[in-house]
Amino acid sequence: MYEIRPVHEIIFDATGVQEVLQNVAFILSTMMYSCPMDRGFGWNPDLDLPIDVAKAMSASKIVQAIQENEPRAIVEEIFFEEDHMNGVLKPIG
């Protein structure tokens, strides 16, 4: 099992497991509609919802985005870093 956080650096010659992990990290980093040539790529976060509801809805959308864009990855669980004071959720795959 690997812990994946949104991408900070791209390794252009990544292969095998490293490539899959980087692809999933890129999906976690990309908001839907932000990729000019593929507006459906990424995931769409839920805004203005209670944190527990937003976590459940976002986890579902993240799993769907990973299954559609990186079928080699098997998602076992989605975690979030939470900041309740500012209403921020950051996904960790």
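Counting starts from 1 at the beginning of each chain's written sequence and moves along it residue by residue. Where local features are concerned, this predicted model is filtered to residues with pLDDT of at least 70; where side-chain atom pairs are given and counted, the filter is 80 or more; whole-chain, interface and lining totals use all residues. Each side-chain value is derived from all of the structure's non-hydrogen atoms; neither hydrogens nor water enter the calculation.

## Topic: the environment of serine 60
Inference 1: As for its position among the elements, serine 60 is in helix 2 (residues 51-69).
Inference 2: Owing to a relative accessible area of 47%, serine 60 belongs among the partly exposed residues under this scheme.
Inference 3: Considering only alpha carbons, one finds serine 60 and lysine 90, 30 residues apart in sequence, at a separation of 14 Å. In this text, helices come from DSSP runs of H or I with a minimum length of four residues, and strands from runs of E with a minimum of two, each type numbered from the N-terminal end. Relative accessible area decides the class of each residue, using a 1.4 Å probe on protein chains only: under 20% of the type maximum gives buried, over 50% gives exposed, and in between gives partly exposed.

## Overview of the packing of aromatic side chains
Inference 1: For Phe, Tyr and Trp, rings pair up if their centres lie within 6.5 Å, where Trp contributes its six-membered ring, and each pair is then called stacked (planes under 30 degrees apart), edge-to-face (over 60) or tilted (otherwise). One pass over the structure, following the stated rule, counts 1 aromatic pair.
Inference 2: Between phenylalanine 26 and phenylalanine 41 the ring centres are 5.8 Å apart and the planes differ by 35°, which places this aromatic pair in the tilted class. You can see phenylalanine 26 sitting in helix 1 (residues 16-29) and its partner phenylalanine 41 sitting in the loop between helix 1 and helix 2, a full 15 residues away along the chain.
Inference 3: Phenylalanine 26 sits in the partly exposed class, given a relative accessible area of 36%.
Inference 4: Judged by relative accessible area, phenylalanine 41 falls into the buried class, the value being 13%.

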